[in-house]
Amino acid sequence: MVLFLLIVGAVVVLLGVIAASVLVARRGTPPTRQPLPPVLHRRERPAAPPVVAPEAGTPPAEPVVQEPTAPVVQTPALDTPEKTSGRLARLRSRLSRSQGTLGRGLFALLSRDVLDEDTWEEVEDTLLTADMGVGATTELVQKLRTRVRVESLRTPEELRVILREELLSLIGADVDRSLRTLPKADGTPAVVLVVGVNGTGKTTTCGKLARVLVADGRTVLLGAADTFRAAAADQLQTWGERVGASIVRGPEGGDPASIAFEAVAQGTTAKVDTVLIDTAGRLHTKTGLMDELGKVKRVIERKGAVDECLLVLDATTGQNGVVQARVFTEVVDVTGIVLTKLDGSAKGGIVVSVQRELGIPVKLIGVGEGPDDLAPFEAEAFVDALLGDEAAL
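Quantities reported herein were computed from a predicted structural model and do not represent experimental measurements.

Notes on the overall build of the protein
Phase 1: Secondary structure assignment for the protein yields twelve helices and eight strands.
Phase 2: For the protein, contacts bridging at least 24 residues in sequence account for 77% of all contacts bridging at least 6.
Phase 3: About 21900 Å² of surface is accessible on the protein, with carbon and sulfur atoms providing 57% of the total.

Observations regarding helix α11 (residues 350–358)
Phase 1: For α11, a buried count of seven out of nine residues is recorded, marking the element as mostly surrounded by other parts of the structure.
Phase 2: Looking one or two places after α11, you find G359, whose phi comes out positive at around 70°.

Comments concerning the pattern of salt bridges
Phase 1: A complete count under the given rule lists 19 salt bridges for this structure.
Phase 2: Across the salt bridge formed by R112 and E122, the nearest N and O atoms sit 3.2 Å from each other. Note that R112 is positioned in the loop between α2 (87–110) and α3 (117–129) and E122 in helix α3, a separation of ten residues in sequence.
Phase 3: A residue is classified by how much of its surface remains accessible, and E122, at 31% relative accessible area, is partly exposed.
Phase 4: Across the pair E165 and R147 runs a salt bridge, and its minimum N-O distance is 2.8 Å. Here E165, found in helix α5 (residues 156–171), pairs with R147, found in helix α4 (residues 134–151); they are 18 residues apart in sequence, far enough to count as distant.
Phase 5: Here the salt bridges share partners, and the residues they tie into one network are E139, K143, R147, E151, E165, E166 and R356.

Digging into the sheet that holds strand β7 (residues 362–366)
Phase 1: Read across the sheet, eight strands follow the order β3-β2-β4-β1-β5-β6-β7-β8 without closing on themselves; strand pairing throughout is mixed. The open sheet has two free edges, formed respectively by β3 (246–248) and β8 (374–376), since each of these has just one partner strand. Taking each pair of neighbouring strands and ignoring which way they run, the sheet shows an average axis angle of 25°.
Phase 2: Sheet topology note: the strand β2 (residues 220–225)/β3 ladder contains three bridges and is parallel. Counterpart to L222 in the pairing with β3 is I247.
Phase 3: Sheet strands touched by helix α7 (residues 232–243): β2, β3 and β4 (274–279). Its angle to β2, the strand with the most contacts, is close to 170°.

A look at the nonpolar core
Phase 1: Formed by 77 residues in total, the largest nonpolar core has its most connected members in I277, I300, I337, L339, I365 and F382.
Phase 2: A total of eight residues in this core trace back to one element, the largest contributor, which is α2.
Phase 3: Ignoring anything within four residues of it in the chain, the contact list for I337 reads L311, L313, V354, I360, P361, V362, K363 and L364.
Phase 4: L209, A224, A245 and L374 belong to the second largest nonpolar core, which has 20 residues in total.

Quick look at the side chain of K297
Phase 1: By the element assignment, K297 lies in helix α9 (residues 287–300).
Phase 2: A residue is classified by how much of its surface remains accessible, and K297, at 15% relative accessible area, is buried.
Phase 3: Setting aside residues no more than four positions away along its own chain, K297 makes contact with L193, V306, V332 and D333.

Remarks on the confidence of the model for the protein
Phase 1: Here the protein shows a mean pLDDT of 79. Residues at 70 or above account for 77%.
Phase 2: Low confidence marks residues 29–43, where pLDDT is under 50. Its contacts with residues over four positions away, or in another chain, come to zero contacts.

Examining the packing of helix α10 (residues 319–331) against α11
Phase 1: Where α10 contacts α11, the axes come no closer than 10 Å and their chain directions differ by 30°. Between α10 and α11, the interaxial angle falls into the category roughly parallel. In this structure, the crossing between α10 and α11 has a hand that is right-handed. For the pair α10 and α11, the contacting residues are Q319, V322, A325 and R326 in the first and I350, S353, V354, E357 and L358 in the second.
Phase 2: Across the contact of α10 with α11, the residue classes tally to five nonpolar, two polar and two charged.

Looking at unusual backbone geometry
Phase 1: Phi angles above zero are rare outside glycine, and K271 is one such case at about 60°.
Phase 2: Looking at the element boundaries, K271 is found in the loop between α8 (256–270) and β4.
Phase 3: On the basis of relative accessibility, which here comes to 67%, the residue K271 falls in the exposed class.
Phase 4: Here K341, not a glycine, exhibits a phi torsion of approximately 65°, which is positive.
Phase 5: If you trace the backbone, K341 turns up in the loop between β6 (336–340) and α11.

As for a nonpolar patch on the surface
Phase 1: Where nonpolar side chains cluster on the molecular surface, the patch consists of I7, V11, L14, L15 and I18 and spans about 470 Å² of accessible area.
Phase 2: Considering the arrangement of structural elements, one finds L15 in helix α1 (residues 2–27).
Phase 3: Assessed through its relative accessible area of 54%, L15 is described here as exposed.

So, the pairing of strand β5 (residues 308–314)
Phase 1: Burial runs high along β5: seven of the seven residues are buried.
Phase 2: Of the two faces of β5, both are covered, the one formed by E308, L310, V312 and D314 as well as the one formed by C309, L311 and L313.
Phase 3: Bridge count for strand β1 (residues 190–195) against β5 is four bridges, and the pairing is parallel. Residue pairing for β5: L193 is matched across the bridge by C309.
Phase 4: The sheet contact formed by β5 and β6 spans five bridges and is parallel. Across the sheet, L313 pairs through a bridge with L339, a residue of β6.
Phase 5: Crossover β5 to β6 through α10 is right-handed.

Each value, and the rule that gives it
Residues numbered from 1 in each chain as written. Predicted model: local features only at pLDDT ≥ 70, side-chain atom pairs only at ≥ 80, totals over all residues. Heavy atoms only, no water. Helix = DSSP H or I, 4+ residues; strand = E, 2+ residues; numbered from the N terminus. Contact = heavy atoms within 4.5 Å. Areas by Shrake-Rupley, 256 points an atom, 1.4 Å probe, with all protein chains shown as cover. Buried < 20%, exposed > 50% of the residue type's maximum accessible area, 1.4 Å probe, protein only. Salt bridge = Lys/Arg side-chain N within 4 Å of Asp/Glu carboxyl O. Pairing = 2+ DSSP bridges. Axes fitted to C-alpha atoms, helices over the stretch in contact; angles between N-to-C directions. Core = buried A, V, L, I, M, F, W, Y, C linked by side-chain atoms within 4.5 Å. pLDDT = per-residue confidence, 0-100. Parallel < 35°, antiparallel > 145°, perpendicular 65-115°, else oblique. Left-handed = near helix turned anticlockwise from the far one by under 90°. Nonpolar A, V, L, I, M, F, W, Y, C, P; charged D, E, K, R; others polar. Patch = residues over 30% accessible without salt bridge, like charges linked within 9 Å, V, L, I, M, F, W, Y side chains within 5 Å. Right-handed = clockwise from strand over helix to strand, strands pointing away.

See below:
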């Protein structure tokens, strides 16, 4: 019995050894245990400064607040308009280049050995060609014929003297051509209304007139009452910005009378010297448009009287400009004429005929495209240019 148990035990041990060997063969050699990596040390931070407690009674420091930096705005430099005194003298040479042919033509005719009827007819034709007008031409020729015969004048120097004297008499050397642009006695601004037909250069004239007034020390507010022509208000605003004049404008196609009224109201509040109002160009043959111009003037007068109503005429239109002027005077009380484009193909005689036909003085003339080429009219300087008097330049 004991022997049997020993044999069974030996068999069990042998089977255990065999099973262990098979298991080891399947798993393979156990991996070699690698040593653990060294401990990585974290970078040490600098020690914080010690906190010092404030002394007793010391208020805590306020935090510093960084103020935002305002953007730098570049203010455009304003133009410095040329002083009006002597402007026409500076522009006289330019004016004489287009007007001097009248003087040369007259001198050539009057210097002939015999001044017969044919010669005097040629003198009349020369004056009519210069847009002098029939009435003024007839009057001037009659005076010249009388003086040449009575005073026995023959030399070019003598003829120049009498021509100058008679032309100054026709133009009116003593006519008041001043612009009423100073504030009224009650402190309200002077109001200047600028009118005319399409294409005469009203908006440009308004801008140049603003420069004339600023050059004379006036403060100016512009009223853009031309709401029908595209970009008219933008053009006027550009002129104003160049000299520091403010502008009142409205929507395109808006009521021009209301804009003109608002311009006078704001000018009164701001206490400017002069309110300059640009109106829309209109055909002198269109009754509705002319009536609207009358409405603009009446609405303005609810706020203040119109001190100047300047009619802008294109000098190149000749006698047609006189017809235009006559129609405008029936609608508004025109106080002065502005003749533009006298440096082109215009004939200087238009100055004489306009004043003679209408009884309205020419107060300003434009003789160029430059911003300062609008000048107060000076009769003597103009006649010298008209006759081509080089010695006077």
